[in-house]
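# Per-entry structural report
Residues per chain, in single letters:
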Amino acid sequence: MAKNNFSMIPDHFRAFYVDSNHESSIKKLPYSILPPHEVTIKVEYSSLNYKDALSARGLHRVTKSYPHIPGIDAVGTILEDSTRTYKQGDCVVVTGHDLGTNTFGGFGELIRVPIEWVVKKPDVLTPLQTMIMGTAGFTALYGIHRLQVEGITPEKGPILVTGATGGVGSFAVFALSKLGFEVIAATRKNEEHDFLIRLGAHKVLSSVDDLTTSKRLLNPRKWMGCIETVGGTVLDAVLTQISPKGSVACCGNVLGVSLNTNILPFILRGISLLGIDSAYCNRNIREKIWEQAGELDLSTLPNDYYEVIPLKELHLEIENILKGKLIGRNIVNL
């Protein structure tokens with residue numbers, strides 16, 4: 001039965017459904033369960049992010065109400081747009097905002113979202129490539145954008161990337177290398193050094209513990225900038241080792257949410273600490289970053305950077321990402 005003038009909208013759709021007890025399963029759900037927003041999208045791909053795993057397991061109050069469908073990323077085609085901004089069949093991308101946190105997300109075959117959340121897919125990217133990038137890659141590029149706004153260019157010195165095998169970190173290594181920066185990758189996963197070198201890292205630090213051994217208020221100047229994805233003691237230590245007028249773009253809290261630092265790096269070296277909130281960044285910046293992504297030639301990513309999985313394998317990969325075992329990106333084929 002048609003819901004409106006667009007008869008292509010089905011009565012039901014499949015989704016990775018998390019119930020009120022935080023138990024997950026693949027369910028066939030009625031279209032009417034979706035929120036009453038302006039745009040209905042048939043999802044082609046989504047991707048798995050750390051926030052999705054937290055939502056799927058009911059952790060850290062990422063999602064406040066259940067049952068729920070996670071998935072903070074989605075790419076697909078327009079089935080209905082009551083604002084007439086897009087036409088039926090247009091390929092669009094939705095990342096960030098409230099998708100997959102408290103609004104039913106991309107782990108379902110259909111989503112309904114506000115028009116403000118929707119960005120047209122860049123012509124130079126395939127739908128799959130947009131999700132290889134996804135929120136993780138978008139966050140990495142947003143961090144790089146913030147460093148560039150601060151005047152940090154390749155000739156000014158190397159850039160450190162912490163948590164370099166994760167979704168944000170690995171894409172940051174790739175993108176920075178493509179942009180001509182000398183990239184230093186930091187990871188505890190010694191077995192993944194070759195992976196990071198193939199992504200574009202010039203050097204790999206064997207352990208992030210190497211960053212945190214000194215308790216001095218200022219340490220030798222090592223990096224002009226940093227994409228810092230783990231927080232905690234690593235962020236504390238990185239701030240003491242940034243070169244004068246350098247910047248740290250911070251976007252993670254895997255090691256904790258506390259910041260224990262001192263003012264000397266800021267008043268003696270003039271460094272900047274930049275917060276990266278990719279979920280709610282300015283729309284103009286969001287569109288600009290997606291266009292810039294098309295200039296990176298994502299086809300040159302290593303073949304093992306991502307894996308495409310069906311919905312039924314999501315629960316296994318959610319466990320892997322929560323245990324820190326996921327390398328690169330998992331793309332969910334809807």
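Starting from 1, residues in each chain are numbered consecutively following that chain's sequence as written. Whole-chain, interface and lining totals are the exception, using all residues; otherwise, since this is a predicted model, local features are given only for residues with pLDDT of at least 70 and side-chain atom pairs are given and counted only at 80 or more. Hydrogen atoms and water are omitted, and side-chain values are computed over all heavy atoms in the structure.

## Quick notes on the overall build of the protein chain
Numbering of helices and strands starts at the N terminus; helices are DSSP runs of H or I of at least 4 residues and strands are runs of E of at least 2. Each helix and strand counted, the protein chain has eight helices and 15 strands in total. By the compact-globule yardstick of 20 Å for 334 residues, the protein chain fits well, its C-alpha radius of gyration being 20 Å. Principal axes of the C-alpha set define a box for the protein chain whose edges measure 70 × 40 × 35 Å. Burial classes follow relative accessibility: with a 1.4 Å probe on protein chains only, a residue under 20% of its type's maximum area counts as buried, one over 50% as exposed, and anything between as partly exposed. Counting the 334 residues in the protein chain, one finds 56% classified as buried. In this description, contact between two residues means that some pair of their heavy atoms is separated by no more than 4.5 Å. Within the protein chain, contacts between residues separated by at least 24 positions form 68% of all contacts whose residues are at least 6 apart in sequence. Radius of gyration: over C-alpha atoms. The globule rule applied is 2.2 Å multiplied by the number of residues raised to the 0.38 power.

## Quick word on the sheet that holds strand β12 (residues 242–250)
What the six strands build is an open sheet, ordered β10-β9-β8-β11-β12-β13; its pairing is parallel. With partners counted over all chains shown, the strands left at the sheet margins are β10 (203–205) and β13 (272–275), one partner each. Shown here is a sheet whose adjacent strand axes are inclined to one another by a mean of 20 degrees, direction ignored. Here, any two strands with at least 2 DSSP bridges between them count as paired. Pairing analysis gives five bridges linking strand β11 (residues 223–228) to β12, with the strands arranged parallel. Counterpart to E228 in the pairing with β12 is C250. Where helix α2 (residues 127–149) meets the sheet, its contacts fall on β8 (159–161), β11, β12 and β13, and the angle it forms with β11 comes to roughly 150 degrees. Contacts from helix α5 (residues 232–239) reach β8, β11, β12 and β13 within the one sheet, and its direction differs from that of β12 by about 155 degrees. Note on geometry: axes are C-alpha line fits, over the in-contact stretch for helices, and angles between N-to-C directions span 0 to 180 degrees.

## Focus: the packing of aromatic side chains
Ring pairs are drawn from Phe, Tyr and Trp, using the six-membered ring of Trp, whenever the two centres fall within 6.5 Å, and their geometry is named by plane angle: stacked under 30 degrees, edge-to-face over 60, tilted for the rest. Under the criterion given, the structure shown has five aromatic pairs. Centroid distance F138 to Y142: 6.3 Å. Interplanar angle 45 degrees. Geometry classified as tilted. Taken together, the residues F138 and Y142, both in helix α2 and four residues apart, mark about one turn of the helix. Overall, Y142 belongs to the buried group, its relative accessible area being 9%.

## As for the environment of H202
Tracing the backbone through its elements, the reader meets H202 in the loop between α4 (193–199) and β10. Separated by 79 residues in sequence, H202 and D123 have C-alpha atoms that sit 31 Å apart.

## Structural notes on the pairing of strand β15 (residues 329–333)
Counting buried positions over the five residues of β15 gives four, a clear majority of the element. In this structure, strand β3 (residues 39–47) lies alongside β15, joined through three bridges in antiparallel fashion. For S46, the partnering residue across the bridge sits in β15 and is V332. When strand β14 (residues 306–310) meets β15, the two strands line up parallel, connected through five bridges. Residue E307 lies in a different strand from β15, and its bridge partner there is N330. Handedness of the crossover joining β14 and β15 through helix α8 (residues 314–322): right-handed. The handedness of a crossover follows from its direction of travel: if, with the strands pointing away from the viewer, the path from the first strand over the helix to the second runs clockwise, the crossover is right-handed.

## With respect to the packing of α2 against helix α3 (residues 167–178)
Interhelical geometry of α2 versus α3 gives an angle of 55 degrees and a closest axis separation of 8 Å. As the angle between them shows, α2 and α3 are arranged oblique. When the axes of α2 and α3 are compared, the crossing they make is right-handed. Facing M133, A136, G137, T139, A140, L141 and I144 of α2, the residues of α3 in contact are G167, V168, F171, A172, A175 and L176. Following the grouping adopted for this structure description, the nonpolar residues are Ala, Val, Leu, Ile, Met, Phe, Trp, Tyr, Cys and Pro, the charged ones are Asp, Glu, Lys and Arg, and the polar ones are all others, Gly among them. Each residue belonging to the contact of α2 with α3 can be placed in one class, and the counts come to 10 nonpolar, three polar and no charged. Oblique is the label for every angle not falling under 35 degrees (roughly parallel), over 145 degrees (roughly antiparallel), or within 65 to 115 degrees (roughly perpendicular). For a crossing to be left-handed, the near helix must be turned anticlockwise from the far one by less than a right angle; the clockwise case is right-handed.

## Let's talk about the side chain of S170
With respect to the helices and strands, S170 occurs in helix α3. Ignoring any residue separated from it by four or fewer positions in sequence, one finds S170 in contact with A164, T165, F195, L199, Y305 and G328.

## Quick look at unusual backbone geometry
With an omega of 5 degrees, the peptide bond running from Y66 to P67 counts as cis. Examined against the element boundaries, P67 turns out to sit in the loop between α1 (50–56) and β4 (73–81). The phi angle at R61 is positive, at roughly 55 degrees, despite the residue not being glycine. Position of R61 relative to the elements: it lies in the loop between α1 and β4. Taking the relative accessible area as the measure of exposure, R61 reaches 58% and is therefore exposed. At R84, a position not held by glycine, the phi torsion is positive, near 65 degrees. Here R84 is to be found in the loop between β4 and β5 (91–95).

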